[in-house]
Amino acid sequence: GFDPAKYRPELEGVGKIRKKTAPKKKGTASKNDEFPGLQGWKARQARYEVRNGIVSITAAGATPYLGVGAGVSGPARVSFRIRGPKGGKAKIEWVRGGKTPASVPYESQGADWQTVTVEIPASGPLGIFRIYVPARKQAVEIDWIELTPEAGKSRRWEF
(Lines give C-alpha, C1' and ligand atoms only; values in the text may rest on other atoms or scores of the structure.)
Protein backbone atom coordinates (compact mmCIF):
# COMPACT_ATOMS: atom_id res chain seq x y z
CA GLY A 1 0.00 0.00 0.00
CA PHE A 2 3.00 2.34 0.01
CA ASP A 3 2.93 5.01 -2.70
CA PRO A 4 6.42 6.60 -3.17
CA ALA A 5 4.86 9.55 -5.00
CA LYS A 6 2.91 10.54 -1.86
CA TYR A 7 5.78 10.05 0.60
CA ARG A 8 6.96 13.28 2.30
CA PRO A 9 9.96 12.64 4.59
CA GLU A 10 9.73 16.14 6.15
CA LEU A 11 6.44 15.10 7.80
CA GLU A 12 7.96 12.11 9.65
CA GLY A 13 7.21 12.42 13.39
CA VAL A 14 4.88 15.41 12.95
CA GLY A 15 1.42 14.92 14.50
CA LYS A 16 -1.83 15.81 12.81
CA ILE A 17 -3.96 18.67 14.08
CA ARG A 18 -7.30 17.32 15.21
CA LYS A 19 -10.58 19.16 15.06
CA LYS A 20 -12.18 20.20 18.33
CA THR A 21 -15.37 18.32 19.10
CA ALA A 22 -18.57 20.11 19.98
CA PRO A 23 -19.65 19.88 23.62
CA LYS A 24 -22.24 17.24 24.42
CA LYS A 25 -25.85 18.31 24.76
CA LYS A 26 -27.26 18.25 28.26
CA GLY A 27 -28.88 14.94 29.13
CA THR A 28 -26.85 12.81 26.70
CA ALA A 29 -24.41 10.13 27.73
CA SER A 30 -20.77 11.06 27.39
CA LYS A 31 -17.55 9.12 27.21
CA ASN A 32 -16.96 10.35 30.77
CA ASP A 33 -19.97 8.35 32.01
CA GLU A 34 -17.66 5.95 33.76
CA PHE A 35 -20.47 3.87 35.25
CA PRO A 36 -23.42 3.64 32.85
CA GLY A 37 -26.68 2.56 34.44
CA LEU A 38 -25.71 3.62 37.97
CA GLN A 39 -27.45 7.02 37.78
CA GLY A 40 -24.48 8.97 39.13
CA TRP A 41 -23.25 6.33 41.58
CA LYS A 42 -19.72 5.02 41.16
CA ALA A 43 -18.61 1.47 41.83
CA ARG A 44 -15.25 1.25 43.57
CA GLN A 45 -13.26 -1.91 44.30
CA ALA A 46 -16.14 -3.69 42.59
CA ARG A 47 -17.41 -5.03 39.31
CA TYR A 48 -21.04 -4.31 38.61
CA GLU A 49 -23.82 -5.05 36.18
CA VAL A 50 -27.24 -3.41 35.91
CA ARG A 51 -29.98 -5.68 34.59
CA ASN A 52 -33.76 -5.46 34.91
CA GLY A 53 -33.52 -2.66 37.48
CA ILE A 54 -31.09 -4.52 39.76
CA VAL A 55 -27.43 -3.65 40.39
CA SER A 56 -25.31 -6.76 40.87
CA ILE A 57 -22.01 -6.05 42.70
CA THR A 58 -19.05 -8.41 42.91
CA ALA A 59 -15.89 -7.61 44.85
CA ALA A 60 -12.81 -6.59 42.88
CA GLY A 61 -11.00 -5.38 46.00
CA ALA A 62 -11.11 -5.74 49.78
CA THR A 63 -13.93 -3.24 50.43
CA PRO A 64 -16.40 -2.87 47.53
CA TYR A 65 -18.80 0.06 47.63
CA LEU A 66 -21.08 2.37 45.67
CA GLY A 67 -20.50 6.10 46.14
CA VAL A 68 -22.32 9.27 45.09
CA GLY A 69 -22.40 12.98 45.88
CA ALA A 70 -25.17 12.93 48.51
CA GLY A 71 -26.75 16.29 47.76
CA VAL A 72 -28.46 16.30 51.17
CA SER A 73 -27.61 17.32 54.72
CA GLY A 74 -27.86 15.27 57.87
CA PRO A 75 -29.16 13.98 60.06
CA ALA A 76 -30.66 11.61 57.54
CA ARG A 77 -31.72 8.05 56.89
CA VAL A 78 -30.75 5.69 54.09
CA SER A 79 -32.87 2.72 53.08
CA PHE A 80 -32.03 0.20 50.39
CA ARG A 81 -33.23 -3.19 49.22
CA ILE A 82 -30.40 -5.75 49.17
CA ARG A 83 -29.94 -9.47 48.60
CA GLY A 84 -26.92 -11.75 48.57
CA PRO A 85 -26.11 -15.43 48.93
CA LYS A 86 -24.66 -14.76 52.37
CA GLY A 87 -25.24 -11.99 54.85
CA GLY A 88 -22.52 -9.94 56.31
CA LYS A 89 -21.40 -6.81 58.08
CA ALA A 90 -20.73 -3.62 56.17
CA LYS A 91 -21.04 0.13 56.68
CA ILE A 92 -22.48 3.41 55.46
CA GLU A 93 -19.88 6.16 55.17
CA TRP A 94 -19.89 9.88 54.38
CA VAL A 95 -16.96 12.19 53.70
CA ARG A 96 -17.35 15.93 54.13
CA GLY A 97 -14.90 18.30 52.45
CA GLY A 98 -11.56 16.63 53.13
CA LYS A 99 -12.44 15.64 56.69
CA THR A 100 -12.00 12.16 58.12
CA PRO A 101 -14.84 9.88 56.95
CA ALA A 102 -17.59 9.05 59.43
CA SER A 103 -19.50 5.78 59.29
CA VAL A 104 -22.21 3.63 60.85
CA PRO A 105 -22.37 -0.17 60.56
CA TYR A 106 -25.18 -2.31 59.19
CA GLU A 107 -25.70 -6.02 58.68
CA SER A 108 -27.50 -7.83 55.89
CA GLN A 109 -29.06 -11.25 56.41
CA GLY A 110 -28.48 -12.63 52.91
CA ALA A 111 -30.50 -15.05 50.76
CA ASP A 112 -33.86 -13.24 50.49
CA TRP A 113 -34.51 -9.59 49.67
CA GLN A 114 -34.44 -7.35 52.71
CA THR A 115 -34.82 -3.63 53.25
CA VAL A 116 -31.98 -2.17 55.32
CA THR A 117 -32.54 1.20 57.01
CA VAL A 118 -29.67 3.04 58.66
CA GLU A 119 -29.85 6.32 60.60
CA ILE A 120 -27.06 8.77 59.73
CA PRO A 121 -26.22 10.96 62.74
CA ALA A 122 -24.46 13.65 60.71
CA SER A 123 -24.95 17.39 60.94
CA GLY A 124 -24.47 19.45 57.80
CA PRO A 125 -23.90 18.28 54.22
CA LEU A 126 -23.10 14.57 53.84
CA GLY A 127 -20.67 15.22 50.96
CA ILE A 128 -19.55 11.95 49.37
CA PHE A 129 -21.89 9.17 50.43
CA ARG A 130 -20.89 5.48 50.27
CA ILE A 131 -22.66 2.19 50.77
CA TYR A 132 -20.16 -0.59 51.40
CA VAL A 133 -21.51 -4.04 50.55
CA PRO A 134 -20.64 -7.43 52.01
CA ALA A 135 -19.80 -8.73 48.51
CA ARG A 136 -17.04 -11.20 47.93
CA LYS A 137 -16.81 -13.81 45.16
CA GLN A 138 -20.58 -14.06 44.87
CA ALA A 139 -22.61 -11.03 43.89
CA VAL A 140 -24.74 -8.86 46.14
CA GLU A 141 -27.76 -7.23 44.50
CA ILE A 142 -29.32 -3.82 45.19
CA ASP A 143 -32.77 -3.00 43.87
CA TRP A 144 -33.14 0.64 44.99
CA ILE A 145 -31.64 3.22 47.35
CA GLU A 146 -33.39 6.10 49.10
CA LEU A 147 -31.60 8.85 51.03
CA THR A 148 -33.96 10.90 53.23
CA PRO A 149 -32.78 13.94 55.21
CA GLU A 150 -34.69 15.14 58.30
CA ALA A 151 -35.17 18.46 56.52
CA GLY A 152 -35.38 18.73 52.76
CA LYS A 153 -36.21 16.56 49.81
CA SER A 154 -35.27 12.87 49.66
CA ARG A 155 -33.39 11.28 46.78
CA ARG A 156 -34.28 7.87 45.35
CA TRP A 157 -32.48 5.71 42.82
CA GLU A 158 -34.27 2.81 41.13
CA PHE A 159 -31.82 1.03 38.90
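Residues numbered from 1 in each chain as written. Predicted model: local features only at pLDDT ≥ 70, side-chain atom pairs only at ≥ 80, totals over all residues. Heavy atoms only, no water.

**Section: the overall build of the chain**
- Of regular secondary structure, the chain possesses zero helices and 11 strands.
- For the chain, the sequential pattern of α-helices and β-strands runs β-β-β-β-β-β-β-β-β-β-β.
- Expressed as a percentage of contacts within the chain between residues at least 6 apart in sequence, the contacts between residues at least 24 apart total 65%.
- Counting every atom, the chain has about 10,500 Å² of accessible surface; 50% of that belongs to carbon and sulfur. (Helix = DSSP H or I, 4+ residues; strand = E, 2+ residues; numbered from the N terminus. Contact = heavy atoms within 4.5 Å. Areas by Shrake-Rupley, 256 points an atom, 1.4 Å probe, with all protein chains shown as cover.)

**Examining the environment of E150**
- You can see E150 is positioned in the loop between β10 (140–149) and β11 (155–158).
- When sequence neighbours within four positions are dropped, the list of residues in contact with E150 reads P75 and A76.

**Notes on the packing of aromatic side chains**
- Across all of its chains, the model carries six aromatic pairs by this definition.
- Look at Y65 and Y132: their rings are 4.7 Å apart centre to centre, the planes differ by 45 degrees, and that puts the pair in the tilted class. Within this pair, whereas Y65 is found in strand β4 (residues 65–69), its partner Y132 is found in strand β9 (residues 128–132), the two being separated by 67 residues in sequence. Here the two residues Y65 and Y132 agree in accessibility, since each one is buried.
- Joined through ring pairs, the aromatic side chains of W41, F129 and W157 make up one cluster.
- Geometry around Y132 places K91 over its ring, the cationic atom sitting 4.8 Å from the centre.
- Stacked on the ring of W144, the Lys or Arg R156 has its end atom at 4.2 Å from the ring centre. (Phe/Tyr/Trp six-rings, centres within 6.5 Å; stacked < 30°, edge-to-face > 60°. Buried < 20%, exposed > 50% of the residue type's maximum accessible area, 1.4 Å probe, protein only. Lys NZ or Arg CZ within 6 Å of the ring centre and 35° of its normal.)

**Looking at the sheet that holds β9**
- As summarised here, the arrangement of the five strands in space is β1-β4-β9-β6-β7, forming an open sheet in which the pairing is antiparallel. In the strand order of this sheet, the two ends are held by β1 (42–44) and β7 (102–108), each with one partner. With direction set aside, neighbouring strand axes in the sheet form an average angle of 20 degrees.
- Direction of pairing for β1 relative to β4: antiparallel, over a ladder of three bridges. Looking across to β4, one finds that R44 is bridged to Y65. (Pairing = 2+ DSSP bridges. Axes fitted to C-alpha atoms, helices over the stretch in contact; angles between N-to-C directions.)

**Here's the deal with the pattern of salt bridges**
- The full count for this structure, using the stated rule, is nine salt bridges.
- Between R83 and E141 there is a salt bridge, with the nearest N and O atoms lying 2.7 Å from each other. Taken together, the positions of R83 in strand β5 (residues 73–83) and E141 in strand β10 put the pair 58 residues apart, joining distant regions of the chain.
- A relative accessible area of 22% places E141 in the partly exposed class.
- Among the salt bridges present, the one from E146 reaches R156, with a minimum N-O distance of 3.1 Å. Of this pair, E146 sits in strand β10 while R156 sits in strand β11, and the two are 10 residues apart along the sequence.
- Taken together, the shared-partner salt bridges in this structure form one network comprising K91, E93 and R130. (Salt bridge = Lys/Arg side-chain N within 4 Å of Asp/Glu carboxyl O.)

**Quick notes on the confidence of the model for the chain**
- Put simply, the chain has an average pLDDT of 87, and 90% of its residues get 70 or more.
- Predicted confidence for residues 26–31 stays below pLDDT 50, and this span has two contacts to residues more than four positions away or in other chains. (pLDDT = per-residue confidence, 0-100.)

**A closer look at unusual backbone geometry**
- Looking along the chain, the bond that leaves G74 and enters P75 is cis, with omega of 0 degrees.
- When you line up the elements, P75 lands in strand β5.
- In this model, Q39 sits at a positive phi of 55 degrees, which is unusual for a non-glycine residue.
- Following the sequence through the fold, Q39 ends up in the segment before β1.
- Even without being a glycine, N52 presents a positive backbone phi close to 55 degrees.
- Tracing the chain through its elements places N52 in the loop between β2 (46–51) and β3 (54–59).

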